Amino acid sequence: MASILSPAPGNVGVVRSIDDKIYVGLRPLSTRTYVAVARGSKARPFAVVRASSEKEVSVKSSGLSIEECEAAAVAGKFPDPPPLYRPQGPKGTPVVQPLPLSRRPRRNRKSPALRAAFQETTLSPSNFVHPLFIHEGEEDVPIGAMPGCFRLGWRHGLLEEVYKARDVGVNSFVLFPKIPDALKSQTGDEAYNDNGLVPRAIRLLKDKYPDIVIYTDVALDPYSSDGHDGIVREDGVIMNDETVHQLCRQAVSQARAGADVVSPSDMMDGRILAIRMALDAEGFHDVSIMSYTAKYASAFYGPFREALDSNPRFGDKKTYQMNPANYREALVETEADEAEGADILLVKPGLPYLDIIRLLRDSSSLPIAAYQVSGEYSMIKAGGVLKMIDEEKVMMESLLCLRRAGADIILTYFARQAASVLCGMKGN
Ligand code: PBG
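If you're wondering where the values come from, they're calculated on a predicted model, not measured in any experiment. (Residues numbered from 1 in each chain as written. Predicted model: local features only at pLDDT ≥ 70, side-chain atom pairs only at ≥ 80, totals over all residues. Heavy atoms only, no water.)

### A look at the packing of aromatic side chains
Then comes step 1: Under the definition given, this model contains 10 aromatic pairs.
Then comes step 2: Arranged with centres 5.7 Å apart and planes meeting at 65°, the rings of Tyr377 and Tyr413 form a pair that is edge-to-face. Of this pair, Tyr377 sits in helix α10 (residues 374-385) while Tyr413 sits in the loop between β16 (409-412) and α12 (415-422), and the two are 36 residues apart along the sequence.
Then comes step 3: Given the relative accessible area of 3%, Tyr377 is considered buried.
Then comes step 4: Residue Tyr413 is classed as buried on the basis of its relative accessible area, which comes to 5%.
Then comes step 5: Site record: aromatic cluster; members linked through ring pairs are Phe133, Phe176, Tyr292, Phe304, Tyr371, Tyr377, Tyr413 and Phe414.
Then comes step 6: Lying over the aromatic face of Trp154, Arg200 brings its terminal NZ or CZ to 4.9 Å of the ring centre.
Then comes step 7: Positioned over the ring face of Phe304 is Lys348, at 5.9 Å from the centre of the ring. (Phe/Tyr/Trp six-rings, centres within 6.5 Å; stacked < 30°, edge-to-face > 60°. Helix = DSSP H or I, 4+ residues; strand = E, 2+ residues; numbered from the N terminus. Buried < 20%, exposed > 50% of the residue type's maximum accessible area, 1.4 Å probe, protein only. Lys NZ or Arg CZ within 6 Å of the ring centre and 35° of its normal.)

Here it is in structure tokens:
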């Protein structure tokens, strides 16, 4: 059986051929996808595309075994060429001369093996970054506006969620804390408390799973009594340079706890260079910066703000987040972030901003991240629950499209669910 192996999910080794001894069994998933289950592991499968399905095979096989075929060939008896086979259309099909086409793109799509061979974009669990909401409590609290998402208890639910995600090849996580009102202030000082919720959660995760990649959010909004990403002046202006000062302390505190990638999502000017210098001054040369380069003032963040109870107390975020009408402005931000030393550039939201992802992909050599935000997630979930769309197919297509537009990694609340599908474990 000729087969093609799709890219192996991040956590798993490589199966070289379908007859290799590494796998222990084949589980059929659909008419043309098989999963090879690796030996000695409870869930280490590989998606395999079979060369053709019975339906599409028009050549009649001799029915000989491989040994008989070999013997026949050695004896000089080769199988006849396939007979010319012209399947008929239904009665009433018009009889026409074939169009004189030099190019028929459908030729490259005619079988599963050809389609798999020419697939330009792939999706793997290693592309996903899983955003996790955490809180001080013990229970996992469901988030009303985001079905399937929870505020996880940092000592219990968080560890369990990370365990399950790792099992399907997701090794990257970004943490978002729900901070009690009593700890919020106008200057957001809890953001750089070394014993705050996020640093504690990072230390715990790194102790249990030293090999995971931990991204953090750098912004004041979860800690701000005003619900803004920066310090608010008495006239309502968000103060840039003073906020950047706080963000540097926050990033250093997260790095000290063991964060791998700090991710400023605040959209203040000059914060990338300032954070880079602050990290380096403390010896954190190896800690990366993922900059929210093109973060738009979007209504798609609604469910997230409910999850963290972080709605701005007044006004909106339009003096720092970008105008959804703007395209060229994303280049201004890109040039600044590149020059200031960002390691990864992020576009947010995702699907409504595919043109911006493509713009950054084509204008920078840095890795590009896309954030499929809460509103995008909840719309797909709601459409699925109402049976208006096929949730799983729309989920996979939306993620693939973000990759096609040029995203290397995707921050998505679907990370574990999508990775489970890629690993052949549905309904996880
Ligand atoms: C805030 C932050 C937001 C999100 C990530 N970080 C919300 C905002 O800017 O108000 C939104 C993520 C989502 O909607 O999924 N720094």
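### Quick notes on a positive patch on the surface
Then comes step 1: A grouping of Arg103, Arg104, Arg106, Arg107, Arg109 and Lys110 is seen on the molecular surface, where their side chains present a positively charged patch.
Then comes step 2: Structurally, the position occupied by Lys110 is in the loop between α1 (66-74) and α2 (112-117).
Then comes step 3: With a relative accessible area of 57%, Lys110 lands in the exposed category. (Patch = residues over 30% accessible without salt bridge, like charges linked within 9 Å, V, L, I, M, F, W, Y side chains within 5 Å. Areas by Shrake-Rupley, 256 points an atom, 1.4 Å probe, with all protein chains shown as cover. Salt bridge = Lys/Arg side-chain N within 4 Å of Asp/Glu carboxyl O. Lys, Arg positive; Asp, Glu negative; His and termini not counted. Charge placed at Lys NZ, Arg CZ, Asp CG, Glu CD.)

### Looking at the environment of Leu175
Then comes step 1: Position of Leu175 among the secondary structure elements: in strand β8 (residues 172-177).
Then comes step 2: Remark: the alpha-carbon pair of Leu175 and His130, spanning 45 residues in sequence, is separated by 8.6 Å.
Then comes step 3: Leave out the neighbours within four places in its chain, and Leu175 touches Leu132, Leu158, Ala201, Ile202, Leu205, Ile214, Tyr215 and Asp217. (Contact = heavy atoms within 4.5 Å.)

### Let's talk about α12
Then comes step 1: Buried within α12 are the following residues: Ala415, Arg416, Ala418, Ala419 and Ser420.
Then comes step 2: Here the buried face of α12 lies against β5 (128-135), α3 (157-167), α11 (391-405) and β16.
Then comes step 3: The positive-phi residue at the C-terminal boundary of α12 is Gly424, with phi of around 80°.

### Side note on the site of the ligand
Then comes step 1: The full set close to the ligand counts 18 residues, and Arg305, Lys317, Lys348, Ser374 and Tyr413 are the nearest of them.
Then comes step 2: Separating an oxygen atom of the ligand from a side-chain N or O atom of Lys317 is a distance of 2.7 Å.
Then comes step 3: Between Tyr413 and the ligand, the recorded distance is 2.6 Å, taken from a side-chain N or O atom to an oxygen atom.
Then comes step 4: Protein burial of the ligand: of its 400 Å² of free accessible surface, 100% is covered by the chains.
Then comes step 5: For the shell around the ligand, the class distribution of residues is 8 nonpolar, 3 polar and 7 charged. (Near = heavy atom within 4 Å. Polar contact = N/O pair within 3.5 Å; in protein donor to acceptor, adjacent residues only side chain to side chain. Nonpolar A, V, L, I, M, F, W, Y, C, P; charged D, E, K, R; others polar.)

### Brief notes about the pattern of salt bridges
Between side chains of opposite charge, pairing is possible as soon as their charged atoms come close.
Then comes step 1: Tallied over the full model, the rule gives 21 salt bridges.
Then comes step 2: A salt bridge links Lys164 to Glu160, with the nearest nitrogen and oxygen atoms 3.6 Å apart. You can see Lys164 and its partner Glu160 sitting in helix α3, 4 residues apart, about one turn around the helix.
Then comes step 3: Here Lys164 falls in the partly exposed class, since its relative accessible area comes to 34%.
Then comes step 4: Residue Arg256 pairs with Glu282 through a salt bridge whose shortest N-O separation is 3.9 Å. Taken as a pair, Arg256 in helix α5 (residues 240-257) and Glu282 in the loop between α6 (271-281) and β13 (288-295) lie far apart in primary sequence, 26 residues in all.

### Some details on the pairing of β13
Then comes step 1: Of all 8 residues that make up β13, 7 are buried, and the element is covered over most of its length.
Then comes step 2: Strand direction decides the pairing type here: strand β12 (residues 261-264) and β13, joined by 2 bridges, are parallel. What sits directly across from Val261, in β13, is Ser288.
Then comes step 3: This β-α-β element, β12 to α6 to β13, shows right-handed connectivity. (Pairing = 2+ DSSP bridges. Right-handed = clockwise from strand over helix to strand, strands pointing away.)

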